Amino acid sequence: MATTQVIDLLLQDGSDYESTVGIVGILYATVAAHAGAAYKRTPPQKTRARRLTGSLCAASTIRSLGFAAFAILTHAPGTRSRLFAKGVVVLLCVPDFIVVSSYALLIVVWFEAFLDARRHWLDRGNYRWHWRAAYFGLNMGLVGAMVALYALIFFGGHRLDGVRYTYIGLAAVSIAAPVAHCALYVTLSLQFAPFPLRGGDDENRAHRSRVVVAWAGGRALWGLIVVTACSHIGTATALRKDPQLGGVALAALFLFTEVCPFALALDSGFLGLVDADAVTTAPPSAYGTAPSPMRVESSGQFV
């Protein structure tokens, strides 16, 4: 899927996907409205839940705008220029960077819940600081990569395929994130195996895990499909030859990799768990459940 193929698809074959683009665009607009309402309902002190809902609202809004620009490019002959087509490609790619950042935030939430689920004497603050620093570093890297790749799309010329590099980079990150999460789960499970679970929070832990696993599956599926499309296997060419099958595949791709995970993350029950540690007292750092010794205060007199 080189730059010329993507741009030509927008300029020549876009009319074949009108119905699919319209349906998916409306679907994303609905998700954006739902995410915006969830953002307004979330109290300001729940910073991570507000960041998550705001990010999903922005990603869904930009995605719907990208599909609207796709429709304009298809129906308005005066807008059929390669520069405008590149702008549509940028609009369709920006949400992918936001989705990767949101998935990283969910991994941080899952990691902190994992730490609080066991009784151990390790320093939780130190673990959390390192993971939040890694999350901040990842976001800075995503912003830098996004600016560089988009500059390459507009100013790279014919020798440097900016669209191809953008899709391959996003696919690599989308596949690497679930793999890293799986490796992290195995490592932490072995490291904290000697420590018992606290109990009483099984349902909430299962809820967090279901949402994060759905996001991991969606990101991995999206990355694998993009890698397949960018390779020379011929899948993208076959779908272009059959617009009906290509439209169904495109709609299913966005439905299972983004819309469904977005809906799970915007569930009010899950959003209540994202900042659970902000409204509850921190678990004791000491191992076990032995009561703390009674405090003895001196009255200044010996009786």
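Residues numbered from 1 in each chain as written. Predicted model: local features only at pLDDT ≥ 70, side-chain atom pairs only at ≥ 80, totals over all residues. Heavy atoms only, no water.

**Some points on the confidence of the model for the protein chain**
Here's step 1: Within the protein chain, residue pLDDT values average 77, and 76% of them lie at 70 or more.
Here's step 2: Helix H2 (residues 18-41) holds the highest mean pLDDT among the elements of the protein chain, 89, whereas helix H1 (residues 3-11) holds the lowest, 45.
Here's step 3: Between residues 1-12, whose pLDDT stays under 50, and residues either more than four places distant or in other chains, the model counts 32 contacts.
Here's step 4: Contacts from residues 278-303, a stretch scored under 50 in pLDDT, to residues over four places away or in other chains number 17 contacts. (pLDDT = per-residue confidence, 0-100. Helix = DSSP H or I, 4+ residues; strand = E, 2+ residues; numbered from the N terminus. Contact = heavy atoms within 4.5 Å.)

**Considering a nonpolar patch on the surface**
Here's step 1: A cluster of nonpolar side chains, namely Leu 27, Leu 221, Ile 225, Leu 255 and Phe 256, defines an oily patch on the protein surface of about 400 Å² accessible area.
Here's step 2: Tracing the backbone shows Leu 221 in helix H7 (residues 202-230).
Here's step 3: By relative accessible area, Leu 221 is classed as partly exposed at 38%. (Patch = residues over 30% accessible without salt bridge, like charges linked within 9 Å, V, L, I, M, F, W, Y side chains within 5 Å. Areas by Shrake-Rupley, 256 points an atom, 1.4 Å probe, with all protein chains shown as cover. Salt bridge = Lys/Arg side-chain N within 4 Å of Asp/Glu carboxyl O. Buried < 20%, exposed > 50% of the residue type's maximum accessible area, 1.4 Å probe, protein only.)

**Some details on the nonpolar core**
General note: in soluble globular proteins, nonpolar side chains tend to be found buried as a group.
Here's step 1: With 67 residues, the main nonpolar core has Leu 52, Leu 56, Tyr 150, Trp 215 and Phe 262 as its most contacted residues.
Here's step 2: At the level of secondary structure, the elements contributing two or more residues to this core comprise H2, helix H3 (47-75), helix H4 (82-116), helix H5 (124-155), helix H6 (162-191), H7, helix H9 (243-265) and helix H10 (268-274).
Here's step 3: With 22 residues, H4 is the largest single contributor of residues to this core. (Core = buried A, V, L, I, M, F, W, Y, C linked by side-chain atoms within 4.5 Å.)

**Quick notes on the packing of aromatic side chains**
Here's step 1: Inspection of every chain in the model, using the stated rule, returns seven aromatic pairs.
Here's step 2: Aromatic pair Phe 154 and Phe 155: ring centres 6.4 Å apart, planes at 50°, arrangement tilted.
Here's step 3: Measuring from ring centre to ring centre gives 5.6 Å for Trp 215 and Phe 262, while their planes differ by 25°; the resulting arrangement is stacked. On the criterion of sequence distance, the pair formed by Trp 215 in helix H7 and Phe 262 in helix H9 is long-range, its members being 47 residues apart. Taken individually, Trp 215 and Phe 262 each receive the classification buried, so the pair is uniform in this respect. (Phe/Tyr/Trp six-rings, centres within 6.5 Å; stacked < 30°, edge-to-face > 60°.)

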